[in-house]
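Residue-level structural notes
Letter by letter, the chains look like this.
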Amino acid sequence: HEVPSGTQAFDWTVPDEWNVDEAYLITPDGERICDYQKHNLHLVGYSTPGEHKLSLEEIQSHLHSLPDLPEAIPYVTSYYKRDWGFCLPHRQREKLPPGEYKAVIRGSLSPGSMTYGEVYFPSAGGSEEEVFISTYICHPSMANNELSGPVVSTFLAKWLRDLPSRRYNYRLIFVPETIGSITYLS
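Residues numbered from 1 in each chain as written. Predicted model: local features only at pLDDT ≥ 70, side-chain atom pairs only at ≥ 80, totals over all residues. Heavy atoms only, no water.

We now examine the environment of arginine 91. Considering the arrangement of structural elements, one finds arginine 91 in helix α2 (residues 90–94). A relative accessible area of 44% means that arginine 91 is categorised as partly exposed. Every residue in contact with arginine 91, bar those within four places of it in the chain, is listed here: Pro70 and Glu71. (Helix = DSSP H or I, 4+ residues; strand = E, 2+ residues; numbered from the N terminus. Buried < 20%, exposed > 50% of the residue type's maximum accessible area, 1.4 Å probe, protein only. Contact = heavy atoms within 4.5 Å.)

Another aspect to go through is the sheet that holds strand β5 (residues 32–33). If you walk across this open sheet you meet the 4 strands as β5-β4-β9-β6, and the pairing is antiparallel. On the outer flanks of this sheet lie β5 and β6 (50–55), each paired with one strand and no other. Alignment of strand β4 (residues 17–26) against strand β9 (residues 100–110), held across 9 bridges, turns out to be antiparallel. By the bridge assignment for β9, valine 20 is matched with glycine 107. (Pairing = 2+ DSSP bridges.)

If you look at the biggest cluster of nonpolar residues, it comprises 16 residues, and the most contacted ones within it are Leu25, Ile59, Leu63, Trp84, Phe86 and Leu96. Broken down by secondary-structure element, the contributors of at least two residues to this core are β4, α1 (56–59) and β9. By residue number, the principal contributor to this core is β9, which donates 3 residues. Setting aside residues no more than four positions away along its own chain, leucine 63 makes contact with Leu25, Phe86, Leu88, Arg93 and Leu96. Counting residues in hydrophobic clusters, the runner-up holds 8 residues, among them Val14, Met114, Ile179 and Tyr184. (Core = buried A, V, L, I, M, F, W, Y, C linked by side-chain atoms within 4.5 Å.)

Across the sheet, 3 strands lie side by side as β11-β13-β12; this open sheet has mixed pairing. Where the open sheet ends on each side, the last strands, each with one partner, are β11 (117–121) and β12 (130–136). On average, adjacent strands in this sheet sit at an angle of 10 degrees to one another, irrespective of strand direction. Where helix α4 (residues 148–162) meets the sheet, its contacts fall on β11, β12 and β13 (169–175), and the angle it forms with β13 comes to roughly 150 degrees. (Axes fitted to C-alpha atoms, helices over the stretch in contact; angles between N-to-C directions.)

As a further point, take the pairing of β13. Burial analysis of β13 places 6 of its 7 residues in the buried class, the great majority of the element. Direction of pairing for β11 relative to β13: antiparallel, over a ladder of 5 bridges. If you follow glutamate 118 over to β13, its bridge partner there is isoleucine 173.

Shown next, in the form of structure tokens:
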């Protein structure tokens, strides 16, 4: 199912579609860091496209790290506030040299659509009772819940499809994060 950007879902609005071609930071030494191609968590989700030249002090407000998890790249988004930023391990952030940085974010943030999937398997005997299963499909690099859920749900759907008969109706939805659930329910 495709739901156009701007569609109201209760008191939420489906955001513009975000697509990234490339994103990275160039340090004063010319080193390319926070490269989206190497790890998609390096870019704040929904970062606005653009190119910026900033000092280390100025760019700090656009950097995100986790002091308590110094090797981790945090997951940060900005769905409803137009902004941009990069995420990096705190150990790396602490070692950034002073000087001018170049931030590059190429892509688009414009009207499009939100996509979600749904599959329905009716019961064999016409039961009105339904089993409902929902999974997120928005952050595949975050394997604990954003990859395991869709994988398990897909195999469950295959198993349900192949049952010779079903006692209940089964509906599985594959939605992007909170906005997907809210849009589906609305």
